[in-house]
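# Results of the structural survey
So the chains spell out like this:
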Amino acid sequence: MPAPKNLRPLTSLRFVAALWVVLFSFWPHLDTTLAPLLVEKGYLGVDLFFVLSGFILCHVYLERFGAGQFSYRAFIRARLARIYPLHLATLLAVMALGLAAGAAGIAISHNVLNWQSFIPNLLMIHAWGFTHEAGWNHPSWSISAEWFAYLTFPAYAFGAWRLRKRPLLAVLLAANFLVALHLLFPLWAGFSLTQATYHWGALRIVPCFAYGCALYLAYRQGPLRRPLAGTVLAVVLVLLSAGWLGSDTLTVLSCGSLIVALASLSDRHIPLLSSKPSVWLGEISYAIYMCCAPWLMVSTNLVARLTGDADKQFNLLIWLGIIIGLIVVSALAHHLIERPARQFLRR
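Okay, so let's go over this structure. (Residues numbered from 1 in each chain as written. Predicted model: local features only at pLDDT ≥ 70, side-chain atom pairs only at ≥ 80, totals over all residues. Heavy atoms only, no water.)

## Considering the overall build of the protein
To keep it simple, the criterion reads: Only DSSP runs of H or I covering at least 4 residues are called helices, and only runs of E covering at least 2 are called strands; the numbering of each starts at the N terminus. Think of it in three bands: with a 1.4 Å probe and only protein chains considered, a residue is buried below 20% of the maximum accessible area for its type, exposed above 50%, and partly exposed in between. Contacts: residue pairs with any heavy atoms within 4.5 Å of one another. A 1.4 Å probe and the Shrake-Rupley method give the accessible areas. Residues count as covered only by the protein chains that appear here. When charges are counted, Lys and Arg are positive and Asp and Glu negative, with His and the chain ends excluded. Every charge is mapped to an atom, namely NZ of Lys, CZ of Arg, CG of Asp or CD of Glu.
Along the protein, the regular secondary structure elements total 15 helices and zero strands. Viewed in the frame of its principal axes, the protein has a C-alpha envelope of about 60 × 45 × 40 Å. Relative to its 347 residues, the protein shows a buried fraction of 51%. A sequence separation of at least 24 residues applies to 76% of the contacts in the protein between residues at least 6 apart. Accessible surface for the protein amounts to roughly 16,600 Å². Of this, 67% is attributable to carbon and sulfur atoms. Across the protein, the 25 positively charged side chains and the 12 negatively charged ones have centroids separated by 18 Å.

So this is what it looks like as structure tokens:
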């Protein structure tokens, strides 16, 4: 069976999603009173990742699943090699940073070294309800949620394969499931599903992942006839829903339309999205996401000591320098840890 088409614009989209999360996390350290709603909704970059994950995994594995050529063992091994080495490295890095900060008398959150949640973090089950406090490399809760989706992927693939000839029905079912869960979850939990992290994070990925799988069925029937116009419309929908209406549910649904539109683009439509720099940034996006919290802790404390700014709110140039530093650190983590470890484990 031939290898699936490499959807380079979607690789570039991963960087956009990671950058959205970074802006959300780093914005409080910018010396400004301006707080755009679009930035405040940056936590939805995680949901964009979740939808994209379902889409891409179906793109890669659905045909061989339907043909009876899917190996669950090989799939899990490949997924584990993809996410675990950097997760372990950042977990140990946060441990080292936390211990060093304590020895140096630097105040940090008591949750950073939350030893009760260490084993769940180590096993990537800390978003499954096995811990009651955030700790360590907090953004890794979403990796725990991804791991849950990987382990249950055959169930998604089975449903997608059964509905492969009825993609519209699949998208409608998945979208309605997502909307219903977003509406019902707060009535039970007391907070929105898009705020679920270490607590119910594994549930947060379920409707997004299913939505991504369903959207792939629509794309599988054939790319959009006017992908450039579709991309522009999808971007407008995302900006309106996140930056103006402030609706989490509509934003996640709009992100799905953006994924289908970008997947339909050819290299000639928007060459920038298929360029080597854009694709490279997409490839290191996982490292950017995983290094975000440790780098934020290190850089803001270091810069605060150098500048004497106890409030840790910096001018624009320093703030941009911190973000550029994150990209540099993430590139090193990607090329020195993530890629070599993944290649080694796959061999």
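## Here we look at the packing of helix H3 (residues 45-66) against helix H11 (residues 248-264)
Describing two packed helices takes the angle between their axes plus the distance from one axis to the other. Put simply, the rule reads: Orientation is described by lines fitted to C-alpha atoms, with helices fitted over the stretch in contact, and by angles between N-to-C directions that extend from 0 to 180 degrees. Roughly parallel covers angles under 35 degrees, roughly antiparallel covers those over 145, roughly perpendicular covers 65 to 115, and oblique covers all other angles. Working rule for handedness: look at the near helix, and if it is turned counterclockwise from the far one by less than a right angle, call the crossing left-handed; if clockwise, right-handed.
With their axes 9 Å apart at the nearest point, H3 and H11 run at an angle of 45 degrees to one another. Between H3 and H11, the interaxial angle falls into the category oblique. Both H3 and H11 take part in a crossing whose hand is right-handed. Across the interface between the two elements, Asp 47, Leu 48, Val 51, Leu 52 and Phe 55 from H3 touch Val 252, Cys 255, Gly 256, Ile 259, Val 260 and Ala 263 from H11.

## Comments concerning the nonpolar core
The condition is simple: By convention a nonpolar core is built from buried Ala, Val, Leu, Ile, Met, Phe, Trp, Tyr and Cys residues, the set being connected through side-chain atoms within 4.5 Å.
With 93 residues, the main nonpolar core has Leu 10, Phe 26, Phe 55, Phe 153 and Tyr 211 as its most contacted residues. Setting aside anything within four residues of it in sequence, one finds Phe 55 in contact with Leu 7, Leu 10, Gly 212, Cys 213, Leu 215, Tyr 216, Tyr 219, Ile 259, Val 260 and Ala 263. In this structure, Leu 91, Met 95, Phe 118 and Trp 136 belong to the second largest nonpolar core, which totals eight residues.

## A closer look at the environment of Thr 152
To keep things clear, this is the line we draw: We call two N or O atoms a polar contact when they sit within 3.5 Å, provided that within protein one can donate a hydrogen and the other can accept it, with sequence-adjacent residues counted only if both atoms are side-chain atoms.
Residue position: Thr 152 is located in the loop between helix H6 (141-151) and helix H7 (153-162). Residue class for Thr 152 comes out partly exposed when judged on its relative accessible area of 27%. Distance from Thr 152 to Val 206, taken between C-alpha atoms, is 9.8 Å for residues 54 residues apart in sequence. A polar atom in the side chain of Thr 152 sits 2.9 Å from the backbone oxygen of Phe 148.

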